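Chain by chain, the residues:
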Amino acid sequence: MDKSMLGDLDNLPEQDKLKMAAMIDQLQIRDSLRMYNSLVERCFSDCVDSFKHKNLQKQEETCVQRCAEKFLKHSMRVGMRFAELNQGAATQD
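So, how was this worked out
All chains use their own residue numbering, which begins from 1 and follows the written sequence. Only residues with pLDDT of 70 or above have their local features reported here, since the model is predicted, and side-chain atom pairs are shown and tallied only from 80 upward, although totals for entire chains, interfaces and linings are computed over all residues. No hydrogens and no water enter the side-chain calculation; it runs on all heavy atoms of the structure. Secondary structure elements follow DSSP: runs of H or I of four or more residues count as helices, runs of E of two or more count as strands, with numbering from the N terminus. Under the scheme applied here, a residue whose accessible area is under 20% of the maximum for its type counts as buried, over 50% as exposed, and between as partly exposed, the area being computed with a 1.4 Å probe on protein chains only. Contacts are residue-level and defined by heavy atoms, with any inter-residue pair within 4.5 Å sufficient. In short, Shrake-Rupley with a 1.4 Å probe defines the accessible areas, and a residue's cover is counted only from the protein chains shown. Only buried residues count toward a nonpolar core. Its members are Ala, Val, Leu, Ile, Met, Phe, Trp, Tyr and Cys residues joined through side-chain atoms within 4.5 Å. Counting rule for disulfides: a pair of cysteine sulfur atoms within 2.5 Å. Salt bridges, as used here, are contacts in which a Lys or Arg side-chain nitrogen is within 4 Å of a carboxyl oxygen on Asp or Glu. For helices, the fitted line uses only the C-alpha atoms of the stretch in contact; every axis is such a line through C-alpha atoms, and the angle between N-to-C directions lies from 0 to 180 degrees. If you view the pair so one helix is near and one far, a crossing is left-handed when the near helix is turned anticlockwise from the far one by less than a right angle, and right-handed when it is turned clockwise. By the convention adopted, Pro, Cys, Tyr, Trp, Phe, Met, Ile, Leu, Val and Ala count as nonpolar, Lys, Arg, Asp and Glu as charged, and the other residues, Gly among them, as polar.

Draft legend 1. Expanded view of the overall build of the protein chain. In terms of helices and strands, the protein chain carries two helices and zero strands. Counting across all 93 residues of the protein chain, residues that qualify as buried make up 13%. In the protein chain, once contacts between residues fewer than 6 apart in sequence are set aside, the share between residues at least 24 apart is 33%. Accessible surface, the protein chain: about 8200 Å² in total, of which carbon and sulfur atoms supply 55%.

Draft legend 2. Highlighting the nonpolar core. Core analysis: the largest hydrophobic core is formed by six residues, namely Leu 39, Cys 43, Cys 47, Cys 67, Ala 68 and Phe 71. Residue contacts for Cys 47: discarding those within four places in its chain leaves Glu 60, Cys 63, Val 64 and Cys 67.

Draft legend 3. Seen up close, the state of the cysteines. Evaluation of the coordinates by the stated rule reveals two disulfides. For Cys 43, the disulfide goes to Cys 67, at an S-S distance of 2.0 Å. Sign of the S-S torsion, about -90 degrees for the bond between Cys 43 and Cys 67, identifies this disulfide as left-handed. One end of the pair, Cys 43, is in helix α1 (residues 14-47); the other, Cys 67, is in helix α2 (residues 58-92), and 24 residues separate them in sequence.

Draft legend 4. Just the pattern of salt bridges, in detail. Under the criterion given, the structure shown has five salt bridges. For Asp 46, the salt bridge is made with Arg 42, and the minimal N-O distance between the two is 4.0 Å. One end of the pair is Asp 46 and the other is Arg 42, both in helix α1 and four residues apart, which spans about a single turn. Of the charged contacts in the structure, one is a salt bridge between Arg 81 and Glu 84, with a shortest N-O distance of 3.2 Å.

Draft legend 5. A look at the environment of Gln 65. Summarising the element assignment, Gln 65 is placed in helix α2. You can call Gln 65 partly exposed: its relative accessible area is 46%. C-alpha of Gln 65 to C-alpha of Cys 43: the two residues are 22 residues apart in sequence and 8.6 Å apart in space.

Draft legend 6. Quick peek at the packing of α1 against α2. It is the contact of α1 with α2, at a shortest axis distance of 9 Å, that shows an interaxial angle of 145 degrees. As α1 packs across α2, the resulting crossing turns out to be right-handed. Where α1 approaches α2, its residues Met 35, Ser 38, Leu 39, Arg 42, Cys 43, Asp 46 and Cys 47 are matched on the opposing element by Glu 60, Cys 63, Val 64, Cys 67, Ala 68, Phe 71, Leu 72 and Ser 75. The class makeup of the residues in the contact of α1 with α2 is 10 nonpolar, two polar and three charged.

Structural measurements only, silent on function.
What follows is the structure, encoded as structure tokens:
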């Protein structure tokens, strides 16, 4: 967890700070799992056409790799943009 997220919580007792840190960690894990599940669901539905074979066909495997790369690049870009906006908002305060 990013400790700077707790910067405004300095007035809280230590026990409450630990509870807040645990809650933030849980939310981050939940969001990571959501992103992963979304990636799997989207790429699977876009790329896997049949269940005739035990393993992915070469075409399906290539599609899944491209889909995952695009999804992760997009997610990283959104995260970077969000951080830029947050930083800009913090400097305006």
